[in-house]
Amino acid sequence: MAILPTLARRLAASAAMTLFMALAAFTVAVGGTGNPAAAQQPQPDQGPANRLFVQAMQMIRQADNTYDIAEESRFLKEADRLLNEIVVKYPDSALAVQLVTNQFVGDFDFFEFRSRIRSLVCNEPMTSLCFLHRVAEMLPPVETPITAARWDWLSLAVAYNTIGDNARAKEIIAPFVSAVRRGAASDGAGQDLFVARALALMGQSQLALDITRQIPECSTRIYNLADVAKAAAWRGDMALAGQLAEEAKAYATARNCSWELGLVAQTLLRAGKEGAARTLFLNTVETQFSKFRETKTDCCPPELAVAAAELGDTNLALGLLRTVQDENPWTIPAVLGRIARRSDASVALSYAEQVQDLDIRGEAFAELIEAALKRGDPTSANELMKRLTRLVDESAGRRPGLLAQKAKAEKVMYGDDRWRKSFQGSLNAADRASNFVRRDIGAPLLAALVRIETGLPMLD
């Protein structure tokens, strides 16, 4: 999928080098640079950089000629160290310039070499870092300059941050933060939402709030405040969660925001303000139904269905869910899981069994398994696991999303590493799938992996 961007980069690098050589030849032909003082300045000694480069090429050649995985890894890492030394110690050298700008040096492609270094994590194929590398290989490349939201790549940054590779996480998210600062998404309609959310999940709450508070539009601003508050609550910072809940409520009231009040109610509830959440929610529902009776258009936002489930109003939650699930299928597992946690498990299960989409039904089963375990009902959890396993078996391992949900459920159910085999199976299924499936499956796989690693629905 990255062939065309890589080819374009190679052509650009080749053109740049050709132009450089032509200018150099022209300079020599006319007898100098036109600047006598510059011509008299001593040129940097290229010898030390060249020697390191030759040593690095020898290391790579040795890596290519061995069948031993550990030895190949050792040679490649040494080559990487030598190439980085060129950039750090000899930044004025022509080689350093070529390396940092991803130009070819002869037939050596530093960009592809760096990809090869990253792939070394898959010498241990069942590790989470290998899983992340494989997901990254599926994602459509980011177009530069960045002007659009890319939740798949931002999810990847959050996942790397969560699993422990902070350097890789910063490398991925930095261009998106830069784009926001440049005003590349100044209308706040998409990219700002995702960047602030990703920053909050990576522990950068203040930076996330700095971005959020510059957005005048209701939905994005309140979504961001809700997400930053959620991340704060997960970290145990209930004071910040409560403060942001009140800020979201005040902003929604001042700007006459409507459906976003469902998000505000959830945020208040998460901050421990159940009374305020319930009052706001009931007033919002009454307003929404009044508008529905007057306009006969769409009834209610999906966030209200989730809020109703969190507040324990099963009948209202299911009623709202029926009106929104076709356009927003993500609400099905979100609502059913919350209902099941409040002991209405049989109602939630009956609803889940009627879901036609196998991936959504599988995700609902995974949520119900976790809810059963939280209620202290391992018998129901075991029965649900059998149902989920049967769905996976009937799909013959061809549905990567379903396999990822099984992995998520296995982690909650057993607490050991058997989930890794299922998750690896989901990646293998994605590799065999069409380009259309591969394009869209990255973010759901990352959401499942982060849920497994943290126990929190950070990317759901």
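What this report covers is the structure whose coordinates are included nearby. This structure is a prediction, so every number in the text was calculated from the model and none was measured. (Residues numbered from 1 in each chain as written. Predicted model: local features only at pLDDT ≥ 70, side-chain atom pairs only at ≥ 80, totals over all residues. Heavy atoms only, no water.)

## A word on the overall build of the protein
From N to C terminus, the protein includes 24 helices and two strands. Relative to its 460 residues, the protein shows a buried fraction of 47%. Long-range contacts, defined as pairs at least 24 residues apart, comprise 61% of the intrachain contacts of the protein with a sequence gap of at least 6. When the accessible surface of the protein is summed, it comes to about 22,700 Å², and 53% of that surface belongs to carbon and sulfur atoms. (Helix = DSSP H or I, 4+ residues; strand = E, 2+ residues; numbered from the N terminus. Buried < 20%, exposed > 50% of the residue type's maximum accessible area, 1.4 Å probe, protein only. Contact = heavy atoms within 4.5 Å. Areas by Shrake-Rupley, 256 points an atom, 1.4 Å probe, with all protein chains shown as cover.)

## Topic: the state of the cysteines
Under the definition given, this model contains two disulfides. In this model Cys 122 forms its disulfide with Cys 130; the gap between the sulfur atoms is 2.1 Å. Looking along the S-S bond of the Cys 122-Cys 130 disulfide, the torsion reads about 105°, which is the right-handed sense. For Cys 130, a relative accessible area of 2% corresponds to the buried category. (Disulfide = S-S within 2.5 Å.)

## Here's the deal with the pattern of salt bridges
In the structure shown here, the tally under the stated rule is 32 salt bridges. We note a salt bridge from Arg 74 to Glu 71, for which the minimum N-O separation is 3.9 Å. Highlighted residues: Arg 74 and Glu 71, both in helix 4 (residues 69–89), separated by three residues, approximately one helical turn. In this structure, the salt-bridge partner of Glu 367 is Lys 408, at a minimum N-O distance of 3.3 Å. You can see Glu 367 sitting in helix 20 (residues 358–374) and its partner Lys 408 sitting in helix 22 (residues 400–414), a full 41 residues away along the chain. (Salt bridge = Lys/Arg side-chain N within 4 Å of Asp/Glu carboxyl O.)

## A word on the side chain of Asp 80
Take Asp 80: it is sitting in helix 4. When neighbours within four sequence positions are excluded, Asp 80 is seen to be in contact with Phe 113, Arg 114 and Ile 117.

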